[in-house]
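# Structure at a glance
One letter stands for each residue in the lines below.
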Amino acid sequence: MGWYHCDVDVAGTFGPHGNLPLCSCDIPVAWVGLTATWTSQLRLVLMANYLYVDATFLSHGLRSHCDVDVAATFGPHGKLPFCGGVAIFAIRKISAVTGAGFSVACEAFMSALIIKPRSRIFHGHDWVYRAEVASLVGEPEDGSVVSLRDQRGRILGSAIYNGQSQIVARRFSRHRQVLDADFFERRIGQANALRDRRGVSQEARRVVWSEADGLPGLIIDKYRKTYVVQTLTLAMDQAIETIKDVLVQVLQADLVVARNDAPVRKAEGMETSISVLHGDESQARTPVEIGGMQFEIDPVGGQKTGFYLDQVANYAEVARHAGGRTVLDCFTNQGAFAIACSLAGAASVRAVEIGEDACALTRQNAERNGATVEVIHTNAFDFLKQAEAEGAKYDMIILDPPTFTRTKGKQADAIRGYKELHLRALKMLESNGMLATFCCSHHVSSEMFLESVVAASVDAHRSVTLVTRMGASPDHPVLPHIPETEYLKGFLFEALPGR
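The present account deals with the structure reproduced in this document. (Residues numbered from 1 in each chain as written. Predicted model: local features only at pLDDT ≥ 70, side-chain atom pairs only at ≥ 80, totals over all residues. Heavy atoms only, no water.)

The next subject is the packing of aromatic side chains. Evaluation of the coordinates by the stated rule reveals 14 aromatic pairs. Taken together, F331, F381, F404, Y418, F449, F491 and F493 form an aromatic cluster joined through their ring pairs. Taking NZ or CZ as reference, R170 lies 5.2 Å from the ring centre of W127, over its face. (Phe/Tyr/Trp six-rings, centres within 6.5 Å; stacked < 30°, edge-to-face > 60°. Lys NZ or Arg CZ within 6 Å of the ring centre and 35° of its normal.)

At a minimum axis distance of 10 Å, the contact between helix α7 (residues 380-389) and helix α8 (residues 411-428) shows a crossing angle of 35°. With respect to the hand of their crossing, α7 and α8 are arranged in left-handed fashion. Note on element contacts: α8 touches α7 through G417, E420, L421, R424, K427 and M428, opposite F381, L384, K385, A387 and E388. Partitioned by chemical class, the residues of the contact of α7 with α8 number five nonpolar, one polar and five charged. (Axes fitted to C-alpha atoms, helices over the stretch in contact; angles between N-to-C directions. Helix = DSSP H or I, 4+ residues; strand = E, 2+ residues; numbered from the N terminus. Left-handed = near helix turned anticlockwise from the far one by under 90°. Contact = heavy atoms within 4.5 Å. Nonpolar A, V, L, I, M, F, W, Y, C, P; charged D, E, K, R; others polar.)

Turning our eyes to something else, we now look at the sheet that holds strand β17 (residues 226-231). Ordered by their spatial adjacency, five strands build an open sheet running β15-β16-β17-β18-β19, and the pairing between neighbours is mixed. The open sheet has two edge strands, β15 (204-209) and β19 (273-278), and neither has a second partner. Direction aside, neighbouring strands of the sheet carry axes that sit 20° apart on average. Pairing geometry for strand β18 (residues 255-260) and β19, over five bridges, is antiparallel. Paired with A258 across the two strands is S275, which belongs to β19. Across the sheet, helix α1 (residues 181-197) touches β15 and β16 (218-223), and the angle it forms with β15 is around 135°. (Pairing = 2+ DSSP bridges.)

With that settled, consider the pairing of strand β20 (residues 286-290). Every other side chain in a regular strand lies on the same face of the sheet, so the side chains alternate between the two faces. Residue alternation in β20 divides its side chains into a buried set, T286, V288 and I290, and an unburied set, P287 and E289. In this structure, β20 lies alongside strand β21 (residues 293-297), joined through five bridges in antiparallel fashion. Paired with V288 across the bridge in β21 is F295. (Buried < 20%, exposed > 50% of the residue type's maximum accessible area, 1.4 Å probe, protein only.)

Right, let's talk about the side chain of E268 for a bit. Here E268 shows up in the loop between β18 and β19. Those residues in contact with E268 that lie beyond four places of it in its chain are N162, Q164, S165, R170, L232, T233 and L234.

What follows deals with the pattern of salt bridges. Should their charged atoms come close, side chains of opposite charge can pair. Per the stated rule, a full pass over the model turns up 22 salt bridges. Among the salt bridges present, the one from R285 reaches D298, with a minimum N-O distance of 3.4 Å. Pair noted here: R285 is in the loop between β19 and β20 and D298 is in the loop between β21 and α4 (312-319), with a separation of 13 residues, a long-range link. Judged by relative accessible area, R285 falls into the partly exposed class, the value being 47%. The closest approach of N and O atoms between R424 and E420, which form a salt bridge, is 3.5 Å. In this pair, R424 and E420 both sit in helix α8, four residues apart, roughly one turn of the helix. One salt-bridge network, held together by shared partners, links E388, E420, R424 and K427. (Salt bridge = Lys/Arg side-chain N within 4 Å of Asp/Glu carboxyl O.)

Hydrogen bonds between backbone atoms are what pair the strands of a sheet, whose relative direction is either parallel or antiparallel. With mixed pairing, the seven strands of this open sheet are ordered in space as β24-β23-β22-β25-β26-β28-β27. Edge positions in the sheet fall to β24 (374-377) and β27 (464-471), since each has one partner strand and no second. Recorded for the sheet is a direction-independent mean angle of 15° between the axes of neighbouring strands. One ladder, built from five bridges, connects strand β22 (residues 326-330) with strand β23 (residues 348-353); its direction is parallel. For C330, the partnering residue across the bridge sits in β23 and is V352. Docked against the sheet, helix α6 (residues 356-369) engages β23 and β24, running at close to 175° with respect to β24. Of the strands in this sheet, β22, β23, β24 and β25 (394-399) touch α7, which is tilted by about 145° from β22.

Here is the structure:
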């Protein structure tokens, strides 16, 4: 079954039996894989002042008119007040046909979502929530491409559709577009070129960052010639073989790993898994230089896509202030902040991490870089509570926890968690000590996160001055009209002497 959208060029009138003297369409025959004139049985549907044609392809034939069950009259602007029924429609590979005072031009048409007024998409956002859909034209399959239209039938763009998700559609183009190999090659190439222009290292970079690169739900990280892919939307998951082919054939990938173990996939009705799409898994571990430090990336067994590339610029920024200081790095993961501070001349560095494997990796990374780091395997919250009780003091404390909430409903709990961290850290900071703190949840705004520091400083009876604001590295572009792309926010504070 296919759908066509008919725009009537001039006014015309159906005859008493609903007959049109002449009706032909401009649809490329190649679209249906035919080489001759053919006939379809059609169901005509009026939606948003446009005539939609639901076609079930029947047989070849030659017909020059449409037999419509009911009579109807086109308005002066080509709008159809009412039309329903079944028609026989001749479709020819021609540019235009005019007869009996009017012409009809038809174009290949996807299923469509008619969007309610005042929805966020009219303000620049690319997401459509279920509650924002006025009506659905056709029967789109989950993972398919749909057309987005306003209530006057004007096209808003093409989007990927999933009826199982609260976000039923994610726009990826303001034009009619299908997800074919040419599309992925073009978009991935554009994304890679953007990183080149921004001076991001070829050694390790995020090549594709989801909506920010016009590929909703697709993440691609690169470590030399190893590419790690996450498909977090159904449409991207269904296209994963095409994506892999682009990485191999165009970007010359030696290894392509699908790290589809993110829990967010369940919201799209997908299972979690880790698999090697191309190359030799035994060669997965990849040595790379990141921010002047040496790391070994494990894209199969490591966390997420292998490394937190969004923090690369911040490792150097924080370490710039670490010289001669006693440093505590909480939630160290692979130890990048701790190692950067040690190499920058910190007097001592302690790194706290709950993951046993991550602790082992931090020790290996510290040795690889010639850094002196004491790694402590424990829960960071428990460590801070005990250290505060013991009266421990540090010149610099770094807090880079995992997200505290993946839903807006848990926002208040997340703010309380951040405040507790900040309160304990501020109580342990020496005079003129520095606090670097980060939040990676887009449900917690920069203002909310900053307020959690302010509230903690009031309770701790400490005054702090803001040294700098931090965000994601340049290979994580931010689209102002999609605030979710600016998920990482960070602040560096200096604690002032007692007042």
